[in-house]
Amino acid sequence: TCFAMSAADFQRTGGFCTDYTGRGLQDADFAEVVRRAGGTLVWVGGADAYRQPGEPVDEEHQARHAVRHAQVWRQRWDDPPQHPWLARLQAEGLVKATDLEERVGSA
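Not measured: the values here are computed from a predicted model.

A.B. asks: Would you mind going over the overall build of the protein with me for this structure?
C.D. replies: Scanning the protein from N- to C-terminus turns up five helices and zero strands. Along its sequence from the N terminus, the protein presents helices and strands in the succession α-α-α-α-α. The principal-axis extents of the C-alpha atoms in the protein amount to approximately 40 × 30 × 20 Å. A total of 107 residues make up the protein; the buried ones form 26% of that total. Summarising the internal contacts of the protein: among those between residues at least 6 apart in sequence, 65% fall at separations of at least 24. Between the mean site of the 12 positive side-chain charges and the mean site of the 16 negative ones, the protein shows a separation of 4 Å.

A.B. asks: What's the story with the pattern of salt bridges in this structure? I'm lost.
C.D. replies: One side chain can pair with another of opposite charge once the charged atoms of both are near each other. Scanning all chains against the criterion turns up six salt bridges. A salt bridge links Arg 12 to Asp 9; the nearest nitrogen and oxygen atoms lie 2.2 Å apart. You can see Arg 12 and its partner Asp 9 sitting in helix H1 (residues 7-13), three residues apart, about one turn around the helix. The salt bridge involving Arg 35 is made with Glu 32; its shortest N-O contact spans 2.6 Å. Note that Arg 35 and Glu 32 are positioned in helix H2 (residues 26-36) at a spacing of three residues, about one turn of the helix. Assessed through its relative accessible area of 14%, Glu 32 is described here as buried. If you follow the salt bridges from partner to partner, you end up with Glu 32, Arg 35 and Arg 36 in one network.

A.B. asks: Quick question: what am I supposed to make of the packing of aromatic side chains here?
C.D. replies: Two descriptors summarise a pair of aromatic rings, namely the distance from one centre to the other and the angle between the planes of the rings. Scanning the model with the defined rule gives four aromatic pairs in all. Through a chain of ring-to-ring contacts, the aromatic side chains of Phe 10, Phe 16 and Phe 30 assemble into a single cluster.

A.B. asks: Is there a simple way to explain a nonpolar patch on the surface in this structure?
C.D. replies: A grouping of Phe 3, Met 5, Phe 16 and Leu 41 is seen on the molecular surface, where their side chains present a nonpolar patch of about 320 Å² in accessible area. For Leu 41, the location among the structural elements is in the loop between H2 and helix H3 (59-77). Leu 41 gets classed as partly exposed once you look at its relative accessible area, which sits at 45%.

Definitions and limits used
- Residues numbered from 1 in each chain as written.
- Predicted model: local features only at pLDDT ≥ 70, side-chain atom pairs only at ≥ 80, totals over all residues.
- Heavy atoms only, no water.
- Helix = DSSP H or I, 4+ residues; strand = E, 2+ residues; numbered from the N terminus.
- Buried < 20%, exposed > 50% of the residue type's maximum accessible area, 1.4 Å probe, protein only.
- Contact = heavy atoms within 4.5 Å.
- Lys, Arg positive; Asp, Glu negative; His and termini not counted.
- Charge placed at Lys NZ, Arg CZ, Asp CG, Glu CD.
- Salt bridge = Lys/Arg side-chain N within 4 Å of Asp/Glu carboxyl O.
- Phe/Tyr/Trp six-rings, centres within 6.5 Å; stacked < 30°, edge-to-face > 60°.
- Patch = residues over 30% accessible without salt bridge, like charges linked within 9 Å, V, L, I, M, F, W, Y side chains within 5 Å.
- Areas by Shrake-Rupley, 256 points an atom, 1.4 Å probe, with all protein chains shown as cover.

What follows is the structure in structure tokens.
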């Protein structure tokens, strides 16, 4: 995730949702918070962005996070998440669409 905003605006949004653990959807969730608050996020082409290196995440771990994060998204926004990460995991057969549609507490 790479974005810029004032500290005051970031504090007004409440920051990132801490219900997401590990990788996946927390940046899209934050973008949804900003969108619903009437703000916008703009991609800045050509800007340098640096990422702290991390250990590779195995497929089983990614699948567990995807299912849990989809549940958190549905709980927060009452809509299924639409994200390229989830689409890729489905295309690779790591998760099923039905796994991503279950609500928290129904799994």
